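Now for the letters of each chain:
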Amino acid sequence: MQMTLPSFTSAEAAEMAFYRAFEANDLEAMMAVWDDADDIVCIHPMGPTLNGRSAVIDSWRDILSGGVAMRFSLEMVQIYTADNFSIRLLNEHIDIASGNRVAPMAATNIFRLSAQGWHMVSHHASPNPGTQAAKNNLLLH
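Residues numbered from 1 in each chain as written. Predicted model: local features only at pLDDT ≥ 70, side-chain atom pairs only at ≥ 80, totals over all residues. Heavy atoms only, no water.

Undergrad: I tried to follow the pairing of strand E3 (residues 70-82) on my own but got confused; where do I start?
TA: Along any regular strand, the residues point their side chains to alternate faces of the sheet. Judged from the twelve bridges that link them, E3 and strand E4 (residues 85-96) form a sheet pairing that is antiparallel. Bridging across to E4, Tyr 80 finds its partner in Ile 87. Hairpin connection from E3 to E4: two residues lie between these consecutive antiparallel strands, with Asp 83 at a positive phi of about 50°. (Pairing = 2+ DSSP bridges. Helix = DSSP H or I, 4+ residues; strand = E, 2+ residues; numbered from the N terminus.)

Undergrad: It is not clear to me how the confidence of the model for the protein should be interpreted in this structure. Could you clarify?
TA: Interpreting fine coordinate detail is not advised for predicted regions of low pLDDT. Model confidence for the protein is summarised by a mean pLDDT of 88, while 88% of its residues fall at 70 or above. Ignoring residues within four places in sequence, the model shows residues 132-141, a span with pLDDT below 50, making 27 contacts including any to other chains. (pLDDT = per-residue confidence, 0-100. Contact = heavy atoms within 4.5 Å.)

Undergrad: Would you explain the environment of Leu 113 in this entry?
TA: Among the structural elements, Leu 113 can be located in strand E5 (residues 101-114). The exposure class of Leu 113 is partly exposed, given its relative accessible area of 34%. Sequence separation between Leu 113 and Ala 11 is 102 residues, and the spatial gap between their C-alpha atoms is 8.1 Å. Ignoring sequence-local partners within four residues, the contact set of Leu 113 consists of Asp 83, Asn 84 and Trp 118. (Buried < 20%, exposed > 50% of the residue type's maximum accessible area, 1.4 Å probe, protein only.)

Undergrad: Explain the side chain of Ser 59 to me, please; I cannot follow it from the model alone.
TA: Within the fold, Ser 59 resides in helix H3 (residues 53-64). Here Val 56 takes part through its backbone oxygen, which lies 2.9 Å from a polar atom of the side chain of Ser 59. (Polar contact = N/O pair within 3.5 Å; in protein donor to acceptor, adjacent residues only side chain to side chain.)

Undergrad: Explanation requested: the packing of aromatic side chains in the structure shown.
TA: Evaluated as defined, the whole model comprises six aromatic pairs. Taking 6.2 Å as the distance between ring centres and 75° as the angle between the ring planes, the aromatic pair formed by Phe 18 and Phe 22 counts as edge-to-face. On the criterion of helical spacing, the pair formed by Phe 18 and Phe 22 is a turn pair, its members being four residues apart in helix H1 (residues 11-24). The class for Phe 18 is buried, based on a relative accessible area of 0%. Summarising the aromatic geometry, the rings of Phe 22 and Trp 60 are spaced 5.0 Å apart at their centres and angled 85° between planes, so their arrangement reads as edge-to-face. Linking Phe 22 in helix H1 with Trp 60 in helix H3, this pair joins segments that are 38 residues apart in sequence. Like Phe 22, the residue Trp 60 is buried in the burial classification. An aromatic cluster of three or more residues is present, and its members are Phe 18, Tyr 19, Phe 22, Trp 60 and Phe 72. (Phe/Tyr/Trp six-rings, centres within 6.5 Å; stacked < 30°, edge-to-face > 60°.)

Below, the structure is given as structure tokens:
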């Protein structure tokens, strides 16, 4: 999936596009958020480390093709930004269309600024170990 990436003017704008694409089950929009370099990394909850654009695309294709409608409420924990990188730590509160709420996920999103704007280079989500709900109810995404 080679495309011209949109130019996100901030890490926050790229992050919001990431969650909108996730909610819409839109693979093209999802991959437009990711940097087109091959050094990107993604770790889904309880999953292996996926290195490189091809592995990341394949994983999102599998996830988004399931058609599960999810809505995210994001709770920002910490933001670190320096020059051309932004590291954003947050809790993902996920509601499933069936009316279920998934255990909160702790997520780390890393964005890099290049001549093409801000794009994601790493996403790592895992059950938030600080909540009982996370211990009782896991959802892979």
